[in-house]
Amino acid sequence: MGRLVAQIPNEDPARLARVQDAKWRTIGVDCGALQRQVGERQAQEAFDVQRDRDWAALAQHYDDLVCSQKQAADAAKRDNERQVLAFQQTRQGHHTGSEWDLNRPDRFLLASPARVGDNDARCGPSSIQKFDGEDLAAAERSQAQHQQCYDWWAAQLAQHEAQKAAQAEATLREQEAIRMQDAVQAAAAAEERRIRADNYRATLLANLQLAEARAARDAAERHSELMRSEAELSATLADPYLGEDPAMAASSLSAYRVRKDHWKGMSAMERSAIAQQQVQQVAEKKARQQQLLHEDWQYARSQADIARNMASQASQVELFKATMARKAANFLEGQMVEKAARDAQIAALYTNEPKPEYFRQFGTSHR
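Residues numbered from 1 in each chain as written. Predicted model: local features only at pLDDT ≥ 70, side-chain atom pairs only at ≥ 80, totals over all residues. Heavy atoms only, no water.

Trainee: For this particular structure, what's the right way to read the overall build of the protein chain?
Mentor: Broken down by element type, the protein chain carries 8 helices and 0 strands. Partitioning the intrachain contacts of the protein chain with sequence separation of at least 6 by distance along the chain shows that 39% fall at a separation of at least 24. Total accessible area on the protein chain stands at roughly 31,500 Å², and carbon and sulfur atoms take up 57% of it. (Helix = DSSP H or I, 4+ residues; strand = E, 2+ residues; numbered from the N terminus. Contact = heavy atoms within 4.5 Å. Areas by Shrake-Rupley, 256 points an atom, 1.4 Å probe, with all protein chains shown as cover.)

So, in structure tokens, the structure goes:
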């Protein structure tokens, strides 16, 4: 490193670091733009985190509100059920029923003795005796029982009406709670839509600003690049070495020799001649390919003719075989017919069946 620094005319460590850094030397580093991008990214992340927190707080608030209303409705329902149970236990016992006098287990213990007429306060010394089985308080007791039944019926009717009113009130409270929940949900949905719309508009505005800034930055970069390109092109066109001036490559020793340290390639005439030669070679190659295709076509055509002739000969052979087979079959059929006729003739000739003339000749001899 010491020798390298010593060899550099300007012994500047910063310059040495820039020279050794390929990225800095080739494309450069815009620290300000990177810092701005980092700041914008951090601000966007902080904005997203705060927005998520706001949404979570709003959702938690509405959830707590709905839960509190539900708990209040449940508490009211439980209170009503406790009141109904207390009323049933205190006012609707077995001994308060209208049929208690007929079904009470101690009715025989409470019955009057057989002779209650002698102790009747309404009967004086000169009164007659009350007979057994006579119930002088039957009318009063019946009226009292009827009145008790009427009272119990009125109490049950009032209880039923109170239960209906309580049920209707509970239904109304539940409907009110549901309407409140719906209203809270609708308000939350509207608030959510508003916040989303605000976030969308803010994001859209930020994106538009970023797009405009990027477009301006890209335009400035394109303009700078265009200026650099034009300057480089002008320098290149003005430089005889980069412009590949053929005069610089001419050799003083011979017209057919060039200076290798200044020669940048062949001239336009040489390149044109080479291009013409290449065109001619391409045409010759196409001609050779056409000739090969024609020869392949001729060979394929000859092979097709040979195959067609062989197929025709094979069909003629098959036809000849079929004709000969038919002739042989006809000949065999004729021989079979001739054999059948010959067999019939032989059978008719050598059967030796006696005829009637053979029997009539007996007794006609001269002996």
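Resuming the write-up.
Trainee: Quick question: what am I supposed to make of the confidence of the model for the protein chain here?
Mentor: In low-pLDDT regions, the fine details of the predicted coordinates are not to be read closely. Scored by pLDDT, the protein chain has a mean of 81; 83% of the residues are at 70 or more. When the elements of the protein chain are averaged for pLDDT, helix α1 (residues 2–7) gives the smallest value, 46, and helix α7 (residues 268–349) the largest, 89. Note that pLDDT drops below 50 for residues 1–6; the model gives that stretch 7 contacts with residues more than four away or on any other chain. (pLDDT = per-residue confidence, 0-100.)

Trainee: Got a minute to help me understand the side chain of Q69 in this structure?
Mentor: Its location among the elements puts Q69 in helix α4 (residues 31–91). Of the residues examined, Q69 reaches a relative accessible area of 14% and is grouped as buried. Not counting chain neighbours up to four residues away, the residues in contact with Q69 comprise A177, M180 and Q181. (Buried < 20%, exposed > 50% of the residue type's maximum accessible area, 1.4 Å probe, protein only.)

Trainee: Whenever I open this one, the pattern of salt bridges confuses me. Can you help?
Mentor: Any two side chains of opposite charge can pair, on the condition that their charged atoms come close. Enumeration over the complete set of coordinates arrives at 14 salt bridges. Residue E176 is joined to R179 by a salt bridge in which the shortest nitrogen-to-oxygen separation is 2.5 Å. Separated by 3 residues within a single helix, E176 and R179 lie in helix α6 (residues 138–238), roughly one turn from each other. Notably, a salt bridge pairs R214 with D218, separated by 3.9 Å at the nearest N-O pair. On the criterion of helical spacing, the pair formed by R214 and D218 is a turn pair, its members being 4 residues apart in helix α6. On the basis of relative accessible area, R214 is assigned to the exposed category, the value being 54%. (Salt bridge = Lys/Arg side-chain N within 4 Å of Asp/Glu carboxyl O.)

Trainee: How do you make sense of the side chain of Q159 when you look at a structure like this?
Mentor: Mapping Q159 onto the fold places it in helix α6. If we skip the residues at most four places from it in the chain, Q159 touches F87 and Q92.

Trainee: I keep staring at a nonpolar patch on the surface and nothing clicks. Help me out?
Mentor: There is a patch of nonpolar side chains on the surface, built from Y200, L204 and L208 and spanning about 320 Å² of accessible area. Here L208 shows up in helix α6. (Patch = residues over 30% accessible without salt bridge, like charges linked within 9 Å, V, L, I, M, F, W, Y side chains within 5 Å.)

Trainee: Please explain the nonpolar core as it appears in this structure.
Mentor: A general tendency of soluble globular proteins is for nonpolar side chains to be buried together. Residues L58, Y62, V184, A188 and I195 constitute the largest nonpolar core, which totals 5 residues. Residue assignment for this core shows that the elements contributing at least two residues are α4 and α6. Of all the elements, α6 adds the most residues to this core, at 3 residues. Excluding anything up to four places from it in sequence, I195 contacts W55 and L58. (Core = buried A, V, L, I, M, F, W, Y, C linked by side-chain atoms within 4.5 Å.)

Trainee: What is the right way to look at the environment of D48 in this model?
Mentor: With respect to the helices and strands, D48 occurs in helix α4. When the C-alpha atoms of D48 and N199 are compared, they prove to be 9.8 Å apart, with 151 residues separating the residues in sequence.

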